[in-house]
Amino acid sequence: MIVLEGVEKTYPDGTVAVADLSFEIGEGELVCLVGPSGCGKTTTMKMINRLVEPTAGRILVAGEDVRKLDPVKLRRRFGYVIQQIGLFPHLTVRANVGCVPRLLRWNRAKTGARADELLELVGLDPAVVGGRYPHELSGGQQQRVGVARALAADPPVLLMDEPFSAIDPIARGRLQDEFSRLRREIGKTIVFVTHDIDEAIRLADRVAVFRAGPDGGRLDQIDTPAGILARPATPFVADFTGAERTLRRLDVVTLRRTDLEPPVPGEHAARPGTAATAVGPAKALASASSGSGHPADAANGHSGTDPGPVGFDRSTDRRDRSVVVGSTLAEALTALLARPDARLPVYDPPAGDGPGTLAGYLTPAALHAALRAADPAA
């Protein structure tokens, strides 16, 4: 989808912003460009849509050399989301989202319908916020409007320049979760610039780590989040990902059935009285309860020692939690630490509205082995 071949950017005063940059971004892929200030990550993104002109090399988008295309028409093929949001203060939210469709001469009805559709997509009620002005919204709401505006003309590529960095940590985490959901629905190719390695690991299919140097910004490594954390290619990447990179791997390695101790005979069936919910690919959660009849369980207001999953709303006892196959090791560790016996029941993801069945048990030793097995060379 996007190919960079030997791309460089040198300014008239001799400053080299980016040197000898070559990598590819596949269709539908989200690649995070991450690195310290001055490493060339934002310059790289801006060269893709010619907000900055490269001085050497080629950039291809869908097989076309961007330097041979009209820059205005080229930029209409991209959605662009920036840290400062950049909403027009004198326009309503609905009018802000409809800016690009109006430039493309869509009629008023089509433009309004598209704006309302996108506001709903990013989690805003058009009936409530559509007629408001940007200053009447919170920072997180404004950023959602910025994403909706970038999607208005249905561009195949989104360019996002530190879009969540100006938002407070709580709202930022919620926006990241919402963006992950949104991304699965829209299926766009996304170039996402951030200085936050945790954000990159959380969102990206692949992470491109840039470093700054006297000869310009350079790409040190591009790999999956798990690969970056397990096998840093250079000392800089190892330093940038930090001494906590083993802990960060817990967020990108998922739990497999083979990581578990098998159930004892008779424990393969779903627990009675279960209900299932699902909240995403890595968090397909099933609730379950057992019928052991222990007095302590009766005192706690439920019928068994085996817990429901993470997110299970048990009003009388929220201590016992479990996860399902496919949950992250971070989710599993959180639930395991809450267990008094250090033996965590893990369930298969539920099929439809049915309950998940017991897949096995996770122990501290098994979790350690699962992390090691995810990348034996790490």
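The following paragraphs examine the structure supplied in this document.

Reading the values: rules and limits
- Residues numbered from 1 in each chain as written.
- Predicted model: local features only at pLDDT ≥ 70, side-chain atom pairs only at ≥ 80, totals over all residues.
- Heavy atoms only, no water.
- Helix = DSSP H or I, 4+ residues; strand = E, 2+ residues; numbered from the N terminus.
- Buried < 20%, exposed > 50% of the residue type's maximum accessible area, 1.4 Å probe, protein only.
- Lys, Arg positive; Asp, Glu negative; His and termini not counted.
- Salt bridge = Lys/Arg side-chain N within 4 Å of Asp/Glu carboxyl O.
- Polar contact = N/O pair within 3.5 Å; in protein donor to acceptor, adjacent residues only side chain to side chain.
- Contact = heavy atoms within 4.5 Å.
- Expected span 1.5 Å × (residues − 1).
- Pairing = 2+ DSSP bridges.
- Axes fitted to C-alpha atoms, helices over the stretch in contact; angles between N-to-C directions.
- Phe/Tyr/Trp six-rings, centres within 6.5 Å; stacked < 30°, edge-to-face > 60°.
- Lys NZ or Arg CZ within 6 Å of the ring centre and 35° of its normal.

## Concerning the side chain of Asp161
Part 1 of the argument: Here Asp161 lies in strand β7 (residues 157–161).
Part 2 of the argument: Lacking a salt bridge, the buried Asp161 has Lys46 as its closest oppositely charged neighbour, with an N-O distance of 5.0 Å.
Part 3 of the argument: Only 3.3 Å separates the side chain of Asp161 from the side chain of Thr42, close enough to count as a polar contact.
Part 4 of the argument: If we ignore the near neighbours within four places in the chain, the residues touching Asp161 are Thr42, Met45, Lys46, Tyr80, Val81, Ile82, Gln83 and Val193.

## Considering helix α7 (residues 139–150)
Part 1 of the argument: Given a rise of 1.5 Å per residue, twelve residues ought to cover 16 Å, and the 17 Å separating the end C-alpha atoms of α7 matches this to within 8%.
Part 2 of the argument: In terms of residue burial, α7 counts as a mostly covered element, since nine of its twelve residues are buried.
Part 3 of the argument: Burial in α7 covers these residues: Gly140, Gln143, Arg144, Val145, Gly146, Val147, Ala148, Arg149 and Ala150.
Part 4 of the argument: At its buried positions, α7 is contacted by β6 (78–82), α3 (93–97), α5 (108–121), β7 and α8 (169–186).

## Section: unusual backbone geometry
Generally, phi is negative for residues other than glycine and the peptide bonds are trans, each holding for most cases.
Part 1 of the argument: At Arg105, a position not held by glycine, the phi torsion is positive, near 65°.
Part 2 of the argument: Positionally, Arg105 belongs in the loop between α4 (99–103) and α5.
Part 3 of the argument: Here Glu162, not a glycine, exhibits a phi torsion of approximately 45°, which is positive.

## As for the pattern of salt bridges
Part 1 of the argument: One pass over the structure, following the stated rule, counts 22 salt bridges.
Part 2 of the argument: In this structure, Asp177 engages Arg202 in a salt bridge whose closest nitrogen and oxygen atoms are separated by 2.5 Å. Pair noted here: Asp177 is in helix α8 and Arg202 is in helix α9 (residues 197–203), with a separation of 25 residues, a long-range link.
Part 3 of the argument: One salt bridge connects Asp341 with Arg339, and the closest N-O pair in it is separated by 3.2 Å.
Part 4 of the argument: With a relative accessible area of 10%, Arg339 lands in the buried category.
Part 5 of the argument: Each of Arg172, Asp196 and Glu199 takes part in salt bridges that share partners, so that together they form one network.

## Let's talk about the sheet that holds strand β10 (residues 218–223)
Part 1 of the argument: Taken in spatial order, the six strands of this open sheet run β6-β7-β8-β3-β9-β10, and their pairing is mixed. Taken across any chain shown, the strands that pair with only one partner, and hence form the sheet edges, are β6 and β10. The average angle at which neighbouring strand axes cross in this sheet is 15°, direction not considered.
Part 2 of the argument: Note: β7 against strand β8 (residues 189–194), five bridges, orientation parallel. Bridge assignment links Met160 to a residue of β8, and that residue is Phe192.
Part 3 of the argument: Most of the contacts of α7 go to β6, to which it runs at about 165°, and overall it touches β6 and β7.

## Details of the packing of aromatic side chains
Part 1 of the argument: Within this structure, the stated rule accounts for four aromatic pairs.
Part 2 of the argument: Between the aromatic rings of Phe164 and Phe179, the centroid separation amounts to 6.0 Å while the plane-to-plane angle is 70°, which identifies the pairing as edge-to-face. Taken as a pair, Phe164 in the loop between β7 and α8 and Phe179 in helix α8 lie far apart in primary sequence, 15 residues in all. We note that Phe164, like Phe179, is buried.
Part 3 of the argument: Arranged with centres 5.9 Å apart and planes meeting at 55°, the rings of Phe164 and Phe192 form a pair that is tilted. Here Phe164, found in the loop between β7 and α8, pairs with Phe192, found in strand β8; they are 28 residues apart in sequence, far enough to count as distant.
Part 4 of the argument: According to the relative accessible area criterion, Phe164 is buried, its value standing at 2%.
Part 5 of the argument: For Phe192, a relative accessible area of 0% translates into the label buried.
Part 6 of the argument: Here the aromatic cluster, defined as three or more aromatic residues joined through ring pairs, consists of Phe164, Phe179 and Phe192.
Part 7 of the argument: The side chain of Lys9 reaches across the aromatic face of Tyr11, ending 5.0 Å from its centre.
Part 8 of the argument: When the ring centre of Tyr361 is taken as reference, the NZ or CZ atom of Arg343 above it lies at 3.8 Å.

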